[in-house]
Amino acid sequence: MLRPIFNHTLNRAYATAQRLPSHVRIVEVGPRDGLQNEKKLLPADVKISFIDQLSETGLQTIEVTSFVSPKWVPQMADNAEVYSGIKKCPGIAYPVLTPNVKGLESAMKIGAKEIAVFGAASDAFSLKNVNCTAAESIERFRPVLEIAHKNDIKVRGYVSTVVGCPYQGPIKPVEVRKVVEALYDMGCYEISLGDTIGVGTPGTISKMLDEVVRVVPPEKLAVHFHDTYGQALANVLTSLNYGIAVVDSSVSGLGGCPYARGASGNAATEDIIYMLHGMGIETGVNLEKLVLVGRFICQKLGRMSESKVNRAWKEPQSPKCDNQQ
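Here the structure is a predicted model, which is why all the values come from computation and not from measurement. (Residues numbered from 1 in each chain as written. Predicted model: local features only at pLDDT ≥ 70, side-chain atom pairs only at ≥ 80, totals over all residues. Heavy atoms only, no water.)

Engineer: Account for the sheet that holds strand 9 (residues 190-195), naming residues and giving values.
Structural biologist: Ordered by their spatial adjacency, nine strands build an open sheet running 2-1-11-10-9-6-5-4-3, and the pairing between neighbours is parallel. Here the strands that pair on one side only, and so sit at the sheet edges, are strand 2 (61-62) and strand 3 (65-66). (Pairing = 2+ DSSP bridges. Helix = DSSP H or I, 4+ residues; strand = E, 2+ residues; numbered from the N terminus.)

Engineer: Help me get a handle on the packing of helix 10 (residues 202-212) against helix 11 (residues 232-240), residues and values and all.
Structural biologist: Their axes nearest at 9 Å, the elements helix 10 and helix 11 cross at an angle of 35 degrees. Helix-helix and strand crossings are classified by hand; for helix 10 and helix 11 the assignment is right-handed. On helix 11, the residues touching Pro 202, Ile 205, Ser 206 and Leu 209 of helix 10 are Ala 234, Asn 235, Thr 238 and Ser 239. Of the residues belonging to the contact of helix 10 with helix 11, the class tally is four nonpolar, four polar and no charged. (Axes fitted to C-alpha atoms, helices over the stretch in contact; angles between N-to-C directions. Left-handed = near helix turned anticlockwise from the far one by under 90°. Contact = heavy atoms within 4.5 Å. Nonpolar A, V, L, I, M, F, W, Y, C, P; charged D, E, K, R; others polar.)

Engineer: Summarise the packing of helix 5 (residues 101-109) against helix 8 (residues 142-150); cite the residues concerned and give the values.
Structural biologist: At a closest axis distance of 9 Å, the pairing of helix 5 and helix 8 adopts a crossing angle of 25 degrees. When the interaxial angle is binned, helix 5 and helix 8 end up roughly parallel. Seen from above, helix 5 lies across helix 8 with right-handed handedness. Judged by residue contacts, Val 101, Leu 104 and Met 108 of helix 5 engage Pro 143, Val 144, Ile 147 and Ala 148 from helix 8. (Parallel < 35°, antiparallel > 145°, perpendicular 65-115°, else oblique.)

Engineer: Tell me about the pattern of salt bridges, and please be specific about residues and values.
Structural biologist: Taken as a whole, this structure holds twelve salt bridges when the rule is applied. Note that Glu 63 is salt-bridged to Arg 32, the shortest N-O span being 2.9 Å. Residue Glu 63 is located in the loop between strand 2 and strand 3, and its partner Arg 32 is located in helix 2 (residues 30-34); the two are separated by 31 residues in the primary sequence. The residues Glu 63 and Arg 32 share a single accessibility class, namely buried. Between Glu 306 and Arg 303 there is a salt bridge whose closest N-O contact spans 3.5 Å. Overall, the relative accessible area of 34% leaves Glu 306 in the partly exposed class. You can call Arg 303 partly exposed: its relative accessible area is 24%. Shared partners join several salt bridges into a network, and the residues in it are Arg 25, Arg 156, Glu 190 and Asp 248. (Salt bridge = Lys/Arg side-chain N within 4 Å of Asp/Glu carboxyl O. Buried < 20%, exposed > 50% of the residue type's maximum accessible area, 1.4 Å probe, protein only.)

Engineer: Tell me about the confidence of the model for the protein, residues and numbers included.
Structural biologist: Atom-level detail of predicted coordinates should not be read off regions where pLDDT is low. Averaged over the protein, the pLDDT score is 90; the fraction of residues at 70 or greater is 88%. Confidence drops under pLDDT 50 across residues 13-17; counting only partners more than four residues distant or on other chains, this segment forms five contacts. (pLDDT = per-residue confidence, 0-100.)

Engineer: For the environment of Met 304, give the residues involved together with the corresponding values.
Structural biologist: Within the secondary structure, Met 304 is located in the loop between helix 13 (287-301) and helix 14 (308-312). Its relative accessible area of 58% is what places Met 304 among the exposed residues. In sequence terms Met 304 and Ser 252 are 52 residues apart; their C-alpha atoms lie 8.5 Å from each other. Not counting chain neighbours up to four residues away, the residues in contact with Met 304 comprise Cys 298 and Arg 311.

Laid out in structure tokens, this is it:
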């Protein structure tokens, strides 16, 4: 059976020497961002089982669903049923995406404790998707954050198209900084920087981060990379060197931007975990269990895993549930 061989003492020494974070929190976005563009609609019971299995891997944050119109995102039409049906394990956050006040109100009805709002650094992308500029779209979130904070609900911010846009082309880092600063000033506790179409490289990501960390400290930032051009792991490593210790990813690389030619989806959680553990950086995630979850959901979708680690890992043993309630 293929197994990674890690010398944890040497690897931790390497991470310390490079001034890398000692621990990285993975935000698993597979159930929401990973599934929302899949053509095959999965029943709620499969999604619930998927999320419950993810809860058993050691992940601290699992994005469950989004409260958006089923007309636009039919895969998320069962949002309330899925959120209400999952086991809420202690110590795990289960955020949901709420693009507007109506979505927030729906999320509050089923007891959501954390939400996320989603903006863009590109005016062209924002106009195409929500018919307003990037700055105008961020202003629309103000009442969402005000209501959320009054009800002790944490709010995370997403910024998409941080280096490139399918309509506008390259994005200037200063445009990203403006949106990030606005979300931070509104009260987002964390802001995730998304390379929506996967065109970023360590060079363009560095230029963007140089600008963003001028207004928001690295400990308030996360990164969210797509692997269209095979640059996701390199871009994660680049971000770690800025002190960013939160990484969004999707088990087995599910998802992807429908506007990106050749897009292969989000960075695969298995691949990121393998890299981090090999560098001596702790995640708290059991990789073997995660491989099994990736295989489960890919089987339900009728597709192969996009994770290289998942494809290489040979027949892991069935894991026992650590967090049964």
